[in-house]
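Chain by chain, the residues run as shown.
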Amino acid sequence: MASEAEIPARDAMEFDVVVVGAGPAGLAAAIKLKQLANAAGSELSVVVIEKGSEVGAHILSGAVIDPIGLTALFPDWKEKGAPLETEVTDDRFYYLGPAGVIRLPNMMMPPLMNNHGNYIASLGNVCKWLGEQASELGVEVFPGFAAAEVLYDEKGAVVGVATGDMGVGRNGEMTDRYQRGMELRGKYTVIAEGARGSLSKQLIAKFGLDKGRQPQKYGIGLKELWEVPAESHKPGLVQHTLGWPLDNGTGGGSFLYHYGDNLVSVGFVVHLNYTNPWLSPYQEFQRFKTHDLIAPTLAGGKRIAYGARAITEGGWQSIPKLTFPGGALVGCAAGFVNVPRIKGSHNAILSGIAVAEAAFAAIGAGRAQDELTAYSDSVMSGPIARDLKRVRNAKPLLSKFGTALGTALSGADMWANTILPGIGLGYTLKHGKPDHASLKPAHLAPRIDYPKPDGVLTFDRLTNVSFSATNHEEDQPVHLKVKDMALQKESEHDVFAGPSGRYCPAAVYEWVEDGGTPKFVINAQNCVHCKTCDIKDPNQNINWTVPEGGGGPNYPGL
Ligand SMILES: Cc1cc2nc3c(=O)[nH]c(=O)nc-3n(C[C@H](O)[C@H](O)[C@H](O)COP(=O)(O)OP(=O)(O)OC[C@H]3O[C@@H](n4cnc5c(N)ncnc54)[C@H](O)[C@@H]3O)c2cc1C
Ligand code: SF4
């Protein structure tokens, strides 16, 4: 390892606003800033950095998109060619049993669940398009750069971020490829890392942004993209299920969307407050595809991509304080997903717009490095608040009463909030424990036997990972940091029977026998950046940090 004295100083670049993450939230913030500056005829420099090799490479979503956010950003998005090709024409909701299925009548569903006017698309492709719009407006978009460190001034305000060094070898030594990271400094720094961002996590802890809030809740979403025979394709069909193969006490459900050119997005979300350490979200997803409601749609088709990503589920009561001196959290870094609607991209864009308006006004008034309170005021009293408040009890009801009763009660609660807008039933339920605290010791939970994959409809994890086009430079330090290896053995292995080997959707973690003792092996090169280990490790002993920029999945339009 090079000594401090040998490490060259970092070069710094100055901007008005630095944005971390080229998802819908970060790109919307950058675009709106430039639109405001251009309209006012003023100069404003904005940079967006993205850890994926290109914009969209790390984006994984459903996605049924409510265009409210996009319309606010570009009222003429259709004319501009935004890739929202397929309008929703048919919306179905099912409760699955092992062999049967009950369709829930649409008229029973609260109106907010209606997908009329929404579009099925690849959010990755939408982000690519947003990235092009941002560049055209003069935003500097830098894919392939991971923000590894937050920069602070002497008063403790955030003044930007530093990208990670490239070319550091596995043991921390400088290799021939060595390149020092850059400092990107700004009057304001917008953190748009999506669910469980690595810098967001540090900022939330440093500034106590989650004080007095309910813990953030998460799910893991796994997705495959299929090309199906034309006769099985029903463009515009949106189908959701609850129930099988999950038991009543395990939250989650599926989505299946027909769009584009014979494409079907099929995915499964497992809520990460599951209790059985033997459960494998990946295997549940594979099993789900064998149901009679699903298998015929995929028969004769081929899976063309795979990936996984955490989704925030805490909603209204888990929103952290949104600002800190010098910056703000936007999009899923703050957790704006409407869980019953399984939608967050619209709120991500709306929050990006709101932070841009606040930052533009602040910079225009000569301010810098203070708190953008106008942004949090706008979120907590505007359309994002309205969207999230009315569904705030859905997730706690599901967690407390299980899928069957919880769905009925949350439906009634959402109806009440629709009929009595702004009042509803007047209460806000709590989430209780964070997700890492929900696992039972392995000896208290039933083992689950999963069927072997057939290689046609169901696949083993490693084969599927190859369809995420994941690629990391092999000669770099492991980016999954285990804080205390002894604790990992005594607790994660001995008490919980190694759940990381099952919750990781990319087979990164394994316990292997080494001279008679279990050894924790981390195949970091497979990591698809879903962040589940950072969330679900029962001791919070695994810390996800950014690997070299440009590594990770290369999702082809997920
Ligand atoms: C399985 C699943 C299904 C979903 N279905 C839907 C749906 O149908 N409709 C819908 O509206 N929403 C859906 N969502 C939610 C939606 O995807 C999110 O709400 C939305 O993507 C959040 O946008 P964001 O910009 O905040 O974060 P993200 O989309 O996660 O983007 C964050 C970006 O920041 C980058 N990044 C992170 N950290 C760093 C760093 N340190 N340095 C540089 N770059 C970084 C990431 O690589 C990524 O590109 C779904 C989510 C999942 C997981
Ligand atoms: S190592 Fe962690 S972040 Fe990477 S794929 Fe596995 S669970 Fe997800």
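Here the structure is shown first, and the text comes after it.
Since we're looking at a predicted model, the values are computed, not measured. (Residues numbered from 1 in each chain as written. Chains lettered and ligands numbered in written order. Predicted model: local features only at pLDDT ≥ 70, side-chain atom pairs only at ≥ 80, totals over all residues. Heavy atoms only, no water.)

Undergrad: Before we move on, could you go through the overall build of the protein and cite the residues and values that matter?
TA: Within the protein one finds 14 helices and 24 strands. Relative to the compact-globule value of 24 Å for 558 residues, the protein shows a C-alpha radius of gyration of 23 Å, a close match. When its C-alpha atoms are laid out on the principal axes, the protein stretches across 65 × 65 × 45 Å. Here the protein, with 558 residues, has 59% of them falling under the buried criterion. Considering only intrachain contacts with a sequence separation of at least 6, the fraction spanning at least 24 residues in the protein is 78%. Summed over all atoms, the accessible surface of the protein reaches about 21,700 Å², with 54% contributed by carbon and sulfur. When the 51 basic and 58 acidic side-chain charges of the protein are each reduced to a single mean position, those positions are 7 Å apart. (Helix = DSSP H or I, 4+ residues; strand = E, 2+ residues; numbered from the N terminus. Rg over C-alpha atoms; globule rule 2.2 N^0.38 Å. Buried < 20%, exposed > 50% of the residue type's maximum accessible area, 1.4 Å probe, protein only. Contact = heavy atoms within 4.5 Å. Areas by Shrake-Rupley, 256 points an atom, 1.4 Å probe, with all protein chains shown as cover. Lys, Arg positive; Asp, Glu negative; His and termini not counted. Charge placed at Lys NZ, Arg CZ, Asp CG, Glu CD.)

Undergrad: Report on unusual backbone geometry, specifying residues and quantitative values.
TA: The amide bond that connects glycine 62 to the next residue, alanine 63, takes the cis arrangement and shows omega of 0°. Structurally, alanine 63 can be placed in the loop between β2 (46-50) and β3 (64-65). With a phi close to 55°, glutamine 369 is a non-glycine residue in the positive phi region. Structurally, the position occupied by glutamine 369 is in the loop between α7 (345-364) and α8 (373-381).

Undergrad: Tell me about helix α4 (residues 198-206), and please be specific about residues and values.
TA: Each α-helix winds once per 3.6 residues, and so residues spaced three or four apart point in a common direction. Listing the buried residues of α4 in full gives Ser198, Leu199, Ser200, Leu203 and Ile204. Contacts made by the buried residues of α4 are with β9 (147-152), β10 (158-163), β13 (182-191), β19 (323-324), β20 (327-329) and β24 (542-544). One or two positions beyond α4, positive phi appears at glycine 208, with a value near 55°.

Undergrad: Provide a residue-level description of the pairing of strand β15 (residues 237-243), including the pertinent values.
TA: In terms of burial, β15 is largely enclosed, as seven of its seven residues are buried. Examined bridge by bridge, strand β5 (residues 90-96) and β15 share seven bridges and lie parallel to one another. From the neighbouring strand, arginine 92 faces β15, where its bridge partner is glutamine 239. (Pairing = 2+ DSSP bridges.)

Undergrad: Could you give an account of the site of ligand 1, naming the residues involved and the relevant values?
TA: Around ligand 1 there are 38 residues in total, and Glu50, Ser61, Val64, Cys332 and Ser345 lie nearest to it. Separating a nitrogen atom of ligand 1 from a backbone N or O atom of glycine 62 is a distance of 2.9 Å. Contact between ligand 1 and alanine 192: an oxygen atom at 3.4 Å from a main-chain N or O atom of the residue. Calculation on ligand 1 without its partners gives an accessible area of 1,000 Å², and the protein chains cover 97% of this total. The cavity where ligand 1 resides is the largest cavity. Of all the secondary-structure elements, those providing two or more residues to the shell around ligand 1 are α1 (24-40), β2, β16 (252-259), β18 (302-312) and α7. For the shell around ligand 1, the leading source of residues is β18, giving three residues. Of the residues assigned to the shell around ligand 1, the class counts are 23 nonpolar, ten polar and five charged. (Near = heavy atom within 4 Å. Polar contact = N/O pair within 3.5 Å; in protein donor to acceptor, adjacent residues only side chain to side chain. 1 Å grid on protein atoms, 1.4 Å probe; cavity = no way out; pocket = protein on both sides within 12 Å on 5 of 7 lines; lining within 4 Å. Sits in = over half its atoms within 2 Å of the grid points. Nonpolar A, V, L, I, M, F, W, Y, C, P; charged D, E, K, R; others polar.)

Undergrad: Please set out the packing of α1 against helix α3 (residues 123-136) residue by residue, giving values where relevant.
TA: Orientation of α1 relative to α3, taken along the N-to-C sense of each, is 20°, at an axis distance of 10 Å. By the angle between their directions, the pair α1 and α3 is classed as roughly parallel. Where α1 crosses over α3, the two elements pack in a sense that is left-handed. Judged by residue contacts, Pro24, Leu27 and Ile31 of α1 engage Leu123, Cys127, Leu130, Gly131, Gln133 and Ala134 from α3. Its residues placed into classes, the contact of α1 with α3 shows seven nonpolar, two polar and no charged. (Axes fitted to C-alpha atoms, helices over the stretch in contact; angles between N-to-C directions. Parallel < 35°, antiparallel > 145°, perpendicular 65-115°, else oblique. Left-handed = near helix turned anticlockwise from the far one by under 90°.)

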